[in-house]
Amino acid sequence: MTSVPAAPSPSVVSLLGIGVTAGLFSGILGVGGGIVMVPLMVGALAFDQHRAHATSLAAIVLIALSAVLGFGSAGEVELLLGLTIGLSGIIGATLGANVMHRLSASSLTVVFGGVMVLAGARMVLGGSPAPGQAPGTGSMVVAGVLIGLVAGFASGVAGIGGGVIMVPAMVLLGFGQHSAEGTSLLAILFTAVAGTRVNLRHRRVDLKQAVVIGMGGVVSAQAGVWIALMLPADRLARLFGVFVAALGARMVVGVYRHRSRDLPHP
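The residue numbering used here restarts from 1 in each chain and proceeds along that chain's sequence as written. Local features in this predicted model are restricted to residues whose pLDDT is 70 or higher, and side-chain atom pairs enter the listing and the counts only when it is 80 or higher, whereas totals over whole chains, interfaces and linings include all residues. To get the side-chain values, all heavy atoms of the structure are used, and hydrogens and water are removed first.

**Student:** Account for the overall build of the chain, with residues named and values stated.
**Tutor:** Elements are defined by DSSP. Helices are runs of H or I of four residues or more, strands are runs of E of two residues or more, and each kind is numbered from the N terminus. Looking only at helices and strands, the chain features 10 helices and 0 strands. Each helix and strand of the chain, ordered N terminal to C terminal, gives the series α-α-α-α-α-α-α-α-α-α. For each residue, the accessible area found with a 1.4 Å probe, counting protein chains only, is set against the maximum for its type, and the residue is called buried under 20%, exposed over 50%, and partly exposed in between. The burial tally for the chain puts 50% of its 266 residues in the buried class. Contacts spanning at least 24 positions in sequence make up 86% of the contacts within the chain whose residues lie at least 6 apart. Only the protein chains shown count as covering a residue, and every accessible area follows the Shrake-Rupley method with a 1.4 Å probe. For the chain, the accessible surface area stands at approximately 11200 Å², while carbon and sulfur atoms represent 70% of it. Whether two residues are in contact is decided by their heavy atoms: any pair within 4.5 Å suffices.

**Student:** Account for helix 2 (residues 34-43), with residues named and values stated.
**Tutor:** Burial analysis of helix 2 places 7 of its 10 residues in the buried class, the great majority of the element. Of all the positions in helix 2, only Gly34, Ile35, Val36, Met37, Val38, Pro39 and Met41 are classed as buried.

**Student:** Which residues make up the packing of helix 2 against helix 3 (residues 49-73), and what values go with them?
**Tutor:** Fitted lines through C-alpha atoms give the axes, limited to the stretch in contact for helices. The angle between two N-to-C directions lies from 0 to 180 degrees. Here helix 2 crosses helix 3 at 140°, and the two axes come no closer than 9 Å. The angle between helix 2 and helix 3 falls in the class oblique. Judged by the sense of rotation from one axis to the other, the crossing of helix 2 with helix 3 is right-handed. Taken together, the residues of helix 3 that come into contact with helix 2 (itself represented by Gly34, Met37, Val38, Met41 and Val42) are Gln49, Ala52, His53, Thr55, Ser56, Ala59, Ile60 and Ile63. Side-chain classes are defined by residue name, with Ala, Val, Leu, Ile, Met, Phe, Trp, Tyr, Cys and Pro counting as nonpolar, Asp, Glu, Lys and Arg as charged, and the others, Gly among them, as polar. Of the residues that constitute the contact of helix 2 with helix 3, the class distribution is 8 nonpolar, 5 polar and no charged. Each angle receives one of four descriptions, namely roughly parallel if under 35 degrees, roughly antiparallel if over 145, roughly perpendicular if within 65 to 115, and oblique otherwise. With the far helix as reference, a near helix turned anticlockwise by less than a right angle produces a left-handed crossing, and one turned clockwise produces a right-handed crossing.

**Student:** Explain helix 9 (residues 207-230) to me, and be specific about the residues and the numbers.
**Tutor:** In this model helix 9 runs 34 Å from its N-terminal to its C-terminal C-alpha over 24 residues, within 8% of the 34 Å that 1.5 Å per residue would give. The term bend refers to the angle at a residue between two fitted axes, each drawn through seven residues, those ending there and those starting there. Along helix 9, the largest kink reaches about 35° and is centred on valine 219. Within helix 9 the residues assigned to the buried category are Gln209, Ala210, Ile213, Gly214, Gly216, Gly217, Ser220, Ala221, Gly224, Val225 and Ala228. Polar contacts here mean pairs of N or O atoms no more than 3.5 Å apart (in protein, one a potential hydrogen donor and the other a potential acceptor; neighbouring residues in sequence count only if both atoms are side-chain atoms). Sitting at the head of helix 9, aspartate 206 places a side-chain oxygen 3.2 Å from the backbone nitrogen of lysine 208. Expected span of a helix, by definition, is 1.5 Å for each gap between consecutive residues, and there is one gap fewer than residues.

**Student:** Break down the environment of valine 171 for me, with residues and values.
**Tutor:** By the secondary structure assignment, valine 171 is in helix 7 (residues 163-173). Judged by its relative accessible area of 3%, valine 171 is buried. As for valine 171 and glutamate 181, which are separated by 10 residues in sequence, their C-alpha atoms are 9.1 Å apart.

**Student:** Mind laying out the pattern of salt bridges, listing which residues take part and the relevant values?
**Tutor:** One side-chain nitrogen of Lys or Arg within 4 Å of one carboxyl oxygen of Asp or Glu is enough to make a salt bridge. Scanning the entire structure with this criterion turns up 1 salt bridge. Between aspartate 48 and arginine 51 there is a salt bridge; the shortest N-O distance is 4.0 Å. Overall, arginine 51 belongs to the buried group, its relative accessible area being 6%.

**Student:** I'd like to hear about the nonpolar core, residue by residue, with values.
**Tutor:** We call a set of buried Ala, Val, Leu, Ile, Met, Phe, Trp, Tyr and Cys residues a nonpolar core when their side-chain atoms join them within 4.5 Å. Within the largest apolar cluster, 50 residues are counted, with the highest numbers of intra-cluster contacts made by Ile35, Met37, Met41 and Met166. Excluding its chain neighbours within four sequence positions, the residues that come into contact with methionine 37 are Ile18, Ala22, Gly32, Ser56, Ala59, Ile60, Ile63 and Ile213.

**Student:** Quick one: what's the story with unusual backbone geometry, residue by residue and with numbers?
**Tutor:** Backbone phi values are negative for most residues with the exception of glycine, while trans is the configuration of most peptide bonds. Look at alanine 46: it is not a glycine, yet its phi comes out positive at around 65°. When you line up the elements, alanine 46 lands in the loop between helix 2 and helix 3. With relative accessibility at 58%, the residue alanine 46 sits in the exposed group. Residue arginine 203 is not a glycine yet carries a positive backbone phi of 55°.

Structure follows, in structure tokens:
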């Protein structure tokens, strides 16, 4: 098994605070919340990069479950598509989680930062395309498998739920923003569980801390769903996209600055 350093012992209040923040964004944007949790755990709580990714993914299980129930009660979940993406995402997430454990902490930071920059740019520049005609059942299943493989892999590698990939892909398929978000959260449950299973085998996850973070996000995810259903999603996506892209760019730049300081000078 992989040997890892002792886990930090942050306060329950700090863990709950991260969960509340992640849950709110999860409900608003239909993402797992890892895109918020990972940098907060690394920067504020001194988690090592691998443990932050793994613990984030475990906490996402509770947060996504809460949010999908909120969207489901409003009739904004496409069950067939969500199950298809989720089941195929298990394969992608398992592969991605195994790749994650072979990367160095700096490489993992660059990967995660790059995902954040791309996701943020999509939110800022893409907004919410107008939904068109949803595909037929056969095409939906094929598209769901492809989306699940790609999003699942990103989930396992970057410690995110994969919603930043699933939501825009489903909107482009012709589904409305709210329906895409609710369906994404259903699929995220599968990818998060699959990735966490691998991470537990590598002893990267502190389940007690993950549960505390997840519980913090359970209530706020419901609040986020309410906001998403009440306000224009494209405006919220653009605002969050700016935040995500800026934070991701800062992470990537930070790695290269650190490397440049470590290089021998002539």
